Amino acid sequence: RLYQLSKAGKLCVPAMNVNDSVTKQKFDNLYCCRESILDGLKRTTDMMFGGKQVVVCGYGEVGKGCCAALKAMGSIVYVTEIDPICALQACMDGFRLVKLNEVIRQVDIVITCTGNKNVVTREHLDRMKNSCIVCNMGHSNTEIDVASLRTPELTWERVRSQVDHVIWPDGKRIVLLAEGRLLNLSCSTVPTFVLSITATTQALALIELYNAPEGRYKQDVYLLPKKMDEYVASLHLPTFDAHLTELTDEQAKYLGLNKNGPFKPNYYR
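Residues numbered from 1 in each chain as written. Predicted model: local features only at pLDDT ≥ 70, side-chain atom pairs only at ≥ 80, totals over all residues. Heavy atoms only, no water.

## A word on unusual backbone geometry
Then, number 1: Following glycine 261, the chain continues into proline 262 via a peptide bond in cis, with omega recorded as 0 degrees.
Then, number 2: Position of proline 262 among the secondary structure elements: in the segment after helix 10 (249-255).
Then, number 3: The phi dihedral of asparagine 118 is positive, around 50 degrees, even though this residue is not glycine.
Then, number 4: Following the sequence through the fold, asparagine 118 ends up in the loop between strand 5 (109-112) and helix 6 (122-127).
Then, number 5: The backbone of alanine 178 shows a phi angle near 55 degrees, a positive value even though the residue is not glycine. (Helix = DSSP H or I, 4+ residues; strand = E, 2+ residues; numbered from the N terminus.)

## Side note on the pattern of salt bridges
Pairs can form between side chains of opposite charge once their charged atoms are near each other.
Then, number 1: Scanning the model with the defined rule gives 12 salt bridges in all.
Then, number 2: A salt bridge links glutamate 179 to arginine 150; its shortest N-O distance comes to 2.9 Å. Here the residue glutamate 179 occupies a position in the loop between strand 9 (173-177) and helix 7 (183-187), and arginine 150 occupies one in the loop between strand 6 (132-136) and strand 7 (155-160), the gap between them amounting to 29 residues.
Then, number 3: By relative accessible area, which is 48% here, arginine 150 ends up partly exposed. (Salt bridge = Lys/Arg side-chain N within 4 Å of Asp/Glu carboxyl O. Buried < 20%, exposed > 50% of the residue type's maximum accessible area, 1.4 Å probe, protein only.)

## Some points on the pairing of strand 2 (residues 53-57)
Then, number 1: Among the five residues of strand 2, five are classified as buried, and the element is accordingly described as predominantly covered.
Then, number 2: Alignment of strand 2 against strand 3 (residues 76-80), held across five bridges, turns out to be parallel. Within the sheet, the bridge partner assigned to valine 54 lies in strand 3 and is valine 77.
Then, number 3: With helix 3 (residues 61-72) bridging strand 2 and its parallel neighbour strand 3, the resulting β-α-β unit is right-handed.
Then, number 4: Sheet topology note: the strand 2/strand 5 ladder contains four bridges and is parallel. Considered in strand 5, the bridge of valine 56 is made with isoleucine 111. (Pairing = 2+ DSSP bridges. Right-handed = clockwise from strand over helix to strand, strands pointing away.)

## Thoughts on the side chain of asparagine 29
Then, number 1: Considering the arrangement of structural elements, one finds asparagine 29 in helix 2 (residues 22-45).
Then, number 2: Polar side-chain contacts of asparagine 29 include one of 2.6 Å to the side chain of lysine 24.
Then, number 3: When near neighbours in sequence (up to four residues on either side) are disregarded, asparagine 29 contacts Asn19, Lys24, Glu61 and Val62. (Polar contact = N/O pair within 3.5 Å; in protein donor to acceptor, adjacent residues only side chain to side chain. Contact = heavy atoms within 4.5 Å.)

## Quick notes on the UniProt feature "domain: S-adenosyl-L-homocysteine hydrolase NAD binding" (unreviewed entry) in the protein
Then, number 1: Mapped onto this numbering, the UniProt entry annotates "domain: S-adenosyl-L-homocysteine hydrolase NAD binding" (unreviewed entry) at residues 29-190.
Then, number 2: Structurally, residues 29-190 is divided into 33% helix and 23% strand, and its ends, taken at the C-alpha atoms, are 11 Å apart. (UniProt positions renumbered as here; feature names shortened; annotations may be inferred.)

## Looking at the packing of helix 2 against helix 3
Then, number 1: Two elements in contact, helix 2 and helix 3, have axes separated by 7 Å at closest approach and are oriented at 35 degrees. Remark: the crossing between helix 2 and helix 3 carries right-handed chirality. Each of Gln25, Lys26, Asn29, Leu30, Cys33, Arg34, Ile37 and Leu38 in helix 2 lies in contact with helix 3, whose residues at this interface are Glu61, Val62, Lys64, Gly65, Cys66, Ala68, Ala69 and Leu70.
Then, number 2: Here the contact of helix 2 with helix 3 is composed, by residue class, of nine nonpolar, three polar and four charged. (Axes fitted to C-alpha atoms, helices over the stretch in contact; angles between N-to-C directions. Left-handed = near helix turned anticlockwise from the far one by under 90°. Nonpolar A, V, L, I, M, F, W, Y, C, P; charged D, E, K, R; others polar.)

Structure follows, in structure tokens:
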């Protein structure tokens, strides 16, 4: 949304895109979701994951984390994707790449991780099997068309906090978690260590914007420089008693790097 505002000339202030910083995307989105997807599902449904058929919509960092956790628990995981690169990654990681329509009748859990809208439509919801669990791990609450379920012929039954049964006239029901909002923020806790990495990245972005000389940042969207991402990572290494190797002068010269970083070009993901 910030990029769209900037392109339209409607952005009134400089903005830091922290979400796409390496220390946010590669950690919060991947490792946090790898742990919190199981936590959120367990707390709300007490379900068992072994042998369950799950479709994860989207194989970005969030989707990768969710799939890794579910696969490790013995679930049969399908993936949907629009991006051929992410799709190829899913295939190479051992997941079946499908269209949602192909598996919607047979899966036990549907998890959205795309950041898009109307990924799961009323038509999909109508075709789901009885007791299918539907939840969202992507941005905002736009991925599941929850509004289409608020119609007179469907009955809503609140089972417990953040868990609704939506019941069709023939008795079929789906289990909707957090009314389509973010599952891990609504139904579980977020690991504090990952939160620390993200918060540090955000704090550095704020400090940078506050201390920047006049004119450095225009009314546009910026990413934190790689050096700051590396600094955030280095602050969190002592937790693991991790010992970084240092380049020799000769090695640094060979690679054309400063011994103190940054160690990767800005385009490196």
